[in-house]
Amino acid sequence: MKKIIIYGILALIGFFMNSCTKSENEEIIGKWDDNIKLSQKTATLNSSENYITITTESTFWWLGGISLNNKNIELTDVEKLSKNFVITNSDFQVERKEDGKKIIITLNQNNTNSERILVVSMQNGDYFDGVRIIQAK
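Residues numbered from 1 in each chain as written. Predicted model: local features only at pLDDT ≥ 70, side-chain atom pairs only at ≥ 80, totals over all residues. Heavy atoms only, no water.

Draft legend 1. Here's a closer look at the pattern of salt bridges. What the rule picks out here adds up to three salt bridges. Between Asp129 and Lys41 there is a salt bridge, and its shortest N-O distance comes to 3.0 Å. Note that Asp129 is positioned in strand E9 (residues 127–135) and Lys41 in the loop between helix H1 (2–19) and strand E1 (42–45), a separation of 88 residues in sequence. With relative accessibility at 36%, the residue Lys41 sits in the partly exposed group. (Salt bridge = Lys/Arg side-chain N within 4 Å of Asp/Glu carboxyl O. Helix = DSSP H or I, 4+ residues; strand = E, 2+ residues; numbered from the N terminus. Buried < 20%, exposed > 50% of the residue type's maximum accessible area, 1.4 Å probe, protein only.)

Draft legend 2. Spatial organisation of the packing of aromatic side chains. As enumerated under the stated definition, the model contains zero aromatic pairs in all. When the ring centre of Trp61 is taken as origin, the NZ or CZ atom of Arg96, which lies over that ring, is 3.6 Å away. (Phe/Tyr/Trp six-rings, centres within 6.5 Å; stacked < 30°, edge-to-face > 60°. Lys NZ or Arg CZ within 6 Å of the ring centre and 35° of its normal.)

Draft legend 3. Spotlight on the pairing of strand E6 (residues 92–97). Residues Phe92, Val94 and Arg96 of E6 are buried on one face, while the alternating residues Gln93, Glu95 and Lys97, pointing to the opposite face, are not. Of the strand pairs in this sheet, strand E5 (residues 85–88) and E6 are connected by four bridges, and their pairing is antiparallel. Paired with Ile87 across the two strands is Val94, which belongs to E6. Where E5 hands over to E6, the hairpin turn is made up of three residues, counted between the paired strands. Where E6 meets strand E7 (residues 102–107), six bridges bridge the pair, whose relative direction is antiparallel. Bridging from a neighbouring strand, Glu95 pairs with Ile104 of E7. With antiparallel pairing between neighbouring strands as the criterion, E6 and E7 make up a hairpin whose turn holds four residues, including Glu98 at a positive phi of roughly 55 degrees. (Pairing = 2+ DSSP bridges.)

Draft legend 4. Focus on the pairing of strand E8 (residues 116–124). Counting buried residues in E8 gives seven out of nine residues, a clear majority hidden from the surface. Bridge count between strand E3 (residues 62–68) and E8: six bridges; the pairing is antiparallel. Pairing of Ile66 across the sheet is with Val120, part of E8. With antiparallel pairing between neighbouring strands as the criterion, E8 and E9 make up a hairpin whose turn holds two residues, including Gly125 at a positive phi of roughly 65 degrees.

Draft legend 5. Expanded view of the environment of Ser67. Within the secondary structure, Ser67 is located in strand E3. For Ser67, a relative accessible area of 11% puts it in the buried group. On a C-alpha basis, the gap between Ser67 and Ser121 in space is 8.4 Å, while along the polypeptide they are 54 residues apart. Among residues more than four places away in sequence, those in contact with Ser67 are Asn72, Ile73, Ile117, Leu118 and Val119. (Contact = heavy atoms within 4.5 Å.)

Draft legend 6. Representation of the sheet that holds strand E2 (residues 50–55) within the structure. Judged by pairing direction, the sheet is antiparallel, and its four strands sit side by side in the order E2-E7-E6-E5 without closing on themselves. Each of the sheet's edge strands pairs with one partner strand only, and the pair in question is E2 and E5. Ignoring strand direction, the axes of neighbouring strands in this sheet form an average angle of 10 degrees. Inspection of the sheet shows E2 paired to E7 by six bridges, in the antiparallel sense. Following the sheet pairing, Tyr51 is matched in E7 by Thr106. (Axes fitted to C-alpha atoms, helices over the stretch in contact; angles between N-to-C directions.)

See below:
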């Protein structure tokens, strides 16, 4: 009797594992190829006031959010879909310009005793990407 129960459980596990796998011709829903095409996704800057220019091949992306040291920045007054915007903070500035293909990120001098991490998140359809900048202490 124990063998029948064990074989039954194994058959059920096999059935569920097989039914959850994707066939070769089946499209994955929610996973898109890179349709933003950032020129750079990471950067390290020194502690002085510094900036970096990032370009995109697409103009159809929109701003998903900005965080500084894992704290989300309030963006309620920002038109996230706009091809031209400027977000100014006491520690940084993020500017999108030239019809949406250029992003200029400026970090003010880092006077803290630790590195700062700024993340600018972007989205285009069901594709998510972003730029992560580390500023030295």
